[in-house]
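Read off the chains here:
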Amino acid sequence: MLFQVEMDVRLPPDMAPEVADELKRVERERAQQMQKEGKWRHLWRVAGRYANVSIFDVESADELHALLTSLPLFPYMAMKVTALCRHPSSIRDDDR
Ligand SMILES: O=C(O)C[C@H]1C=CC(=O)O1
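These numbers were taken from a predicted model, which means no experiment stands behind them. (Residues numbered from 1 in each chain as written. Predicted model: local features only at pLDDT ≥ 70, side-chain atom pairs only at ≥ 80, totals over all residues.)

Undergrad: Would you take a moment to explain the UniProt feature "domain: Muconolactone isomerase" (unreviewed entry) in the protein for this structure?
TA: The sites that carry the UniProt feature "domain: Muconolactone isomerase" (unreviewed entry) are, in the present numbering, residues 1–89. Between the end C-alpha atoms of residues 1–89 the distance is 18 Å, and the span holds 33% helix and 33% strand. (UniProt positions renumbered as here; feature names shortened; annotations may be inferred. Helix = DSSP H or I, 4+ residues; strand = E, 2+ residues; numbered from the N terminus.)

Below, the structure written as structure tokens:
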């Protein structure tokens, strides 16, 4: 199952820079691990915002929820999840 996830990062303005830097470091590790596992298929920065648009390829909404809530930055992100299904005009074999 494919899901589009929009993540808006909202770190508290008074968070110590070294705490923020460590959170971002471990977040990057986790995000790259999920990409290598094929779960996080696309990761795009939204131009001009501290936000991303991502495509996840998971077995279920429960799995997506577990992955998203495991992210170190999860407490500091607003997320919008959209379930995707195959478009009848798509020519890509992996759009499912
Ligand atoms: O920077 C972000 O968009 C937030 C988060 C998502 C992946 C990652 O490495 O950080």
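Undergrad: Explain the sheet that holds strand E4 (residues 77–84) here, please?
TA: Hydrogen bonding along the main chain pairs the strands of a sheet, whether they run parallel or antiparallel. One open sheet holds the four strands; their spatial order is E2-E3-E1-E4, and the pairing between them is antiparallel. Only two strands of the sheet have a single neighbouring strand rather than two, namely strand E2 (40–45) and E4. On average, each strand axis in the sheet is inclined to that of its neighbour by 15°, with strand direction left out of account. Bridging between E2 and strand E3 (residues 51–57) involves five bridges; their strand directions are antiparallel. Across the sheet, residue Leu 43 finds its bridge partner in E3, namely Ser 54. (Pairing = 2+ DSSP bridges. Axes fitted to C-alpha atoms, helices over the stretch in contact; angles between N-to-C directions.)

Undergrad: What should I look at first to understand the environment of Leu 73 in this one?
TA: Summarising the element assignment, Leu 73 is placed in the loop between helix H2 (61–69) and E4. Assessed through the 18 C-beta atoms surrounding it within 10 Å, Leu 73 is described here as partly exposed. Linking Leu 73 and Glu 27, residues 46 residues apart in sequence, is a C-alpha distance of 6.4 Å. Beyond its immediate sequence surroundings of up to four residues, Leu 73 is in contact with Val 9, Leu 23 and Glu 27. (Buried ≥ 20, exposed ≤ 12 C-beta atoms within 10 Å, placed from the backbone. Contact = placed C-beta atoms within 7 Å.)

Undergrad: What exactly am I supposed to notice about the site of the ligand here?
TA: The full set of residues close to the ligand is Met 7, Val 9, Glu 27, Arg 28, Ala 31, Asn 52 and Leu 73. For the shell around the ligand, the elements supplying multiple residues, two or more each, are strand E1 (2–9) and helix H1 (17–36). Of the residues forming the shell around the ligand, the biggest block, three residues, is contributed by H1. Split into classes, the residues belonging to the shell around the ligand amount to four nonpolar, one polar and two charged. (Near = placed C-beta within 6 Å. Nonpolar A, V, L, I, M, F, W, Y, C, P; charged D, E, K, R; others polar.)

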